[in-house]
Amino acid sequence: MECDKLMFGFFVLLVTAISVAPEEQQISCDKYSSLMRNVTRNVESREKYDRNLERLGFVTPHNVFGVRVCNQCYGPAPQLAMLHTVGAQTFKKRFNMTGKDYESIAVRCKSTSNQYAKAFTSLFKNGLGRATMPKYRSIDGRHNNAKNPYWGASGTPFSRYGPKNYQDGIYSIRKSVTGSDLPNARLLVEGVLNKAVRSPTPELAYNVLGLLIILFATHDLHYQIPMQPKNVNEEILCCTQDRHAVLPSNLTNSVCLPIEVSKNDSSYKNEKIGCLNMVRSQIGEFPDVVQAGEIVNQATAYLDLSLIYGNDESELKRIRLFKSGKFRMGKNNLVAVDSNGKYLKSMERFTTIPIASIWPTLFTRNHNHLAERLAALNSHWDDEIIFQEARRINIANFQYNLIAAKSIERVFKKAVNESYSELRNAGTFIEFTFTYRGAHYYVPSTMQFRDENYTLTNEVLQSDTIGKIELLENNFDDALRGVANEPVNMKSYSDEIINRIGKNGKNGYGTDLIALDIQRGRDHGIASFVQIRRKCKLTPEINSFDDFNLIFNKTNVDLLKSFYSSYDDVDFYVGGLLEAFESVGNPFAGPTFGCVIGDNYKNAMGGDIYFYSHPESPYPMTKAQIDAVGKYSVSNLFCVNSGLNETNKLWSYAPHAVNPKIDCKHFPPMDLSAWKE
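Owing to the predicted nature of the structure, the values given are computational and were not obtained by experimental measurement.

Examining the packing of helix α12 (residues 383-404) against helix α24 (residues 623-630)
The relative placement of two packed helices comes down to the angle between their axes together with the axis-to-axis distance.
Argument step 1. Packing of α12 against α24 brings their axes to within 9 Å, and their N-to-C directions diverge by 55°. Relative to α24, the element α12 lies oblique. As α12 runs across α24, the sense of the crossing is right-handed. Together, R392, A396, N397 and Y400 of α12 and Q625, V629 and G630 of α24 make up the contact between the two elements.
Argument step 2. Residue composition of the contact of α12 with α24, grouped by class: 3 nonpolar, 3 polar and 1 charged.

Rendered as C-alpha cells:
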C-alpha cells in the first residue's frame, strides 16, 4: 500500500511537471536577473573573442555581397537582440523553455536590461505617441499605421509566413528531422539543381528587363544584412585566406556559417577551393518587444522606392539638391550621388552590379523629370513641396505598373487588389526574400549592349561587369535595349552564377550564389518546402517522397531522394526552384513560391495607407490624378527617361512576331494637369 501511495505521488508530480508551462512556474525576476547576468557575461566574452580575431586579421576585404553601411549593426539594438537570443537558448537548455515562454518572462522582468532598453527605445523615439498621420509617407516607413507605427519600418524584424525553423526553435541551424545534418548546400546545387530536368522553354519568353523588375521590386521590400566587423571595408573571415578550407573552430567567429566545398567539386577543385565564406545575418527586435533570433530588415516593407530615396532621412539628405525638388545626379545622369559625387553605400548592391542599376536609373530620372515639370506648373511651390509631390507621383508610377497594371498577376499568376486595413501588417515575409532569389536562375551569363538598330555592339560576362558601373554610365541606352531584347536564361544554371560571381582575377572562381541562397535560408530559419505548402493549403499534400511525383518530374524526385534523409527536410528554396522548373519561365514561380509572393504583395498594398489609390490616405489622390497615373505605363517610363525611340509592345517580353516595336511617340510624358494649383 505504501508503495502504491509513493507511485501515485510520483505520478502526480510527473503529470504536474509536464502540464505546467515554464511561464506558469513563475521563475522569479531575481532568478531571471541572476541568470541573465551570466548570459550577458557570456555574450560579452564571445564578442571580445570575436573582436580579437578581427584584430589578429581574421577578416577579408569587402566583396560584392557584403554591406558597407548598416545603421542597425552596432549599438544597443543589436546588443539587446543578441542578449535575448542567447538568453532564450540558455533558458531552453536549462528549463526546456520555449522561446515564447522566455520572451514572456523577459517582458515581465524587462527592467533587468534597462541599460540596453532605454538607449534602444531612444533610437525610435520619433515613432512614439504619433496621434495624427503625416501628409506624406515617411522615408523610413514609420507612422504608416496609426496604431502600430513600427510595422513595415526599416530596421525592424521581418515577418514570417511559415513557422520558425531552427533546431532549438530559437536560432541554431536546423538539422534533418532524422537528427542528421542537412545536405551540403554546394552539393545540392551540383547534384540536384544543376542536374534537374526542366520543361521546354515557351516560345514567347520574358526578357531580362522583366526579370530585373522582379529583383528591383523585391529589393525595395527587403534588405538583409550580414553581421559585420568594425571596419566597414572588411567582412568577417570564415575560411582560410587561400579559401582552401573552413577555419578551425578555435579561430572561427561566432557568426560564421561557411559552406564547405568537396575536394571532388567539378569546378572548385581546379583551384583547390574548399570553402565559401558566409556570415550570419543581423538580428533585431521591435522597440519594447522581446524577440529572440529574428532577422532585421534594413529596408521598408512598402512599395515606396526606398531603393532610390533611402531607408532613412540621413541617406536622403545626402543626395538631395535642396533646389527645385531634385536629386543630385551622378555621371551621365545615372542615379543620385552625394556632394562628393559618390553613390550611397546602401546603393552598392546595385551600382556594384551594373545590370541591376537599370531600374533605379529609370525611376531616379523619372523623379527629376516630374520635379522639373511640377516646378513649372506651380511656380509658388517651394523645394520641399516639389520634392514630396514628385516622390509621391514617382512611387505611384511604381505601384501602378507593378500592382494595378497586373505585372505581378501576369508574372506569378497571383492577383493583388487589396483595400486598406489597419489590422494588416505590411512587414515583409522572411520567406518572400527567398522567392526572389529564385530569379537568380534566370540571370543570363552576359550583359548585352545594342545600338539604335538593335545590333549587338558589346557583350560582357556578368562576372566581368562586377564593380564596373562605368559600363552603364557610359552607355545606358544601349544597355536598356540589351535587356529589353535578351530572353532570360531558361536552360541550366549559368557558370557565372554558380561559380564566378565575385571572382578573383580574369579567369578565377568566385562564389556560388545559389549555394549561398540555400545556406542563407537555413540561417534565417525558413520553414521547409513541405511546411510552407501546408501553410498555403496547396494540393496535393506532400507526406512522402513518392508524393513529390505528383508535382515534380520523377528524375527530380530521385535526385531529392539521393540527398535528403526525409521529404520534410527539403529546403523551401530548393523545392520552390524545382516547381519553377516544371513551368520554366511561364510563370517565373510555381504555386508555393507564388503563394508567398501573392500574400506578401497583398500585405504591401493592403497594409499601406499611403498606397496611391487608397482613399483612406491622409492625403489621397484625386480621381483625375489616379487616372493620370493609370495612363503612364512602363513604356512611357522608358521613352521619357531614356534616349530610346521605340520600345517593345509587351515591355517585359523578348522580341517576337506578336511583340513588335512601337514608336515612342505613342508613349508621351505624364499628364500632370491634375496637379495644377
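Observations regarding the packing of aromatic side chains
Argument step 1. Counted by the stated rule, this structure contains 33 aromatic pairs.
Argument step 2. Pairing F611 with Y612 gives two aromatic rings, centres 5.4 Å apart and planes at 40°, and the pair type is tilted.
Argument step 3. A network of ring pairs unites the aromatic residues Y206, Y441, Y442, Y493, F581, F588 and Y653 as a single cluster.
Argument step 4. When the ring centre of F581 is taken as reference, the NZ or CZ atom of R198 above it lies at 4.1 Å.
Argument step 5. We note R320 situated over the ring of F387; from NZ or CZ to the ring centre the distance is 4.0 Å.

Here we look at helix α6 (residues 185-193)
Argument step 1. With 7 of its 9 residues buried, α6 lies for the most part within the structure.
Argument step 2. Those residues of α6 that sit buried are A185, R186, L188, V189, G191, V192 and L193.
Argument step 3. Looking at the buried positions of α6, the neighbouring elements they touch are β4 (259-260), α18 (495-500), α19 (513-523), α21 (554-563) and α22 (572-583).

Observations regarding helix α20 (residues 529-536)
Argument step 1. Those residues of α20 that fall on the buried side of the exposure criterion are F529, V530, I532, R533 and C536. Axial view of α20: buried residues confined to an arc of 160°, hence all on one face.
Argument step 2. Residues of α20 that are buried in the fold lie against α22 and α23 (591-606).

Some points on the pairing of strand β8 (residues 456-461)
Argument step 1. Across 5 bridges, strand β7 (residues 446-450) lies against β8 in antiparallel orientation. Across the sheet, R450 pairs through a bridge with L456, a residue of β8.
Argument step 2. Where β7 hands over to β8, the hairpin turn is made up of 5 residues, of which Y454 adopts a positive phi near 65°.

Reading the values: rules and limits
- Residues numbered from 1 in each chain as written.
- Predicted model: local features only at pLDDT ≥ 70, side-chain atom pairs only at ≥ 80, totals over all residues.
- Heavy atoms only, no water.
- Axes fitted to C-alpha atoms, helices over the stretch in contact; angles between N-to-C directions.
- Helix = DSSP H or I, 4+ residues; strand = E, 2+ residues; numbered from the N terminus.
- Parallel < 35°, antiparallel > 145°, perpendicular 65-115°, else oblique.
- Left-handed = near helix turned anticlockwise from the far one by under 90°.
- Contact = heavy atoms within 4.5 Å.
- Nonpolar A, V, L, I, M, F, W, Y, C, P; charged D, E, K, R; others polar.
- Phe/Tyr/Trp six-rings, centres within 6.5 Å; stacked < 30°, edge-to-face > 60°.
- Lys NZ or Arg CZ within 6 Å of the ring centre and 35° of its normal.
- Buried < 20%, exposed > 50% of the residue type's maximum accessible area, 1.4 Å probe, protein only.
- Arc of directions from axis to C-beta.
- Pairing = 2+ DSSP bridges.

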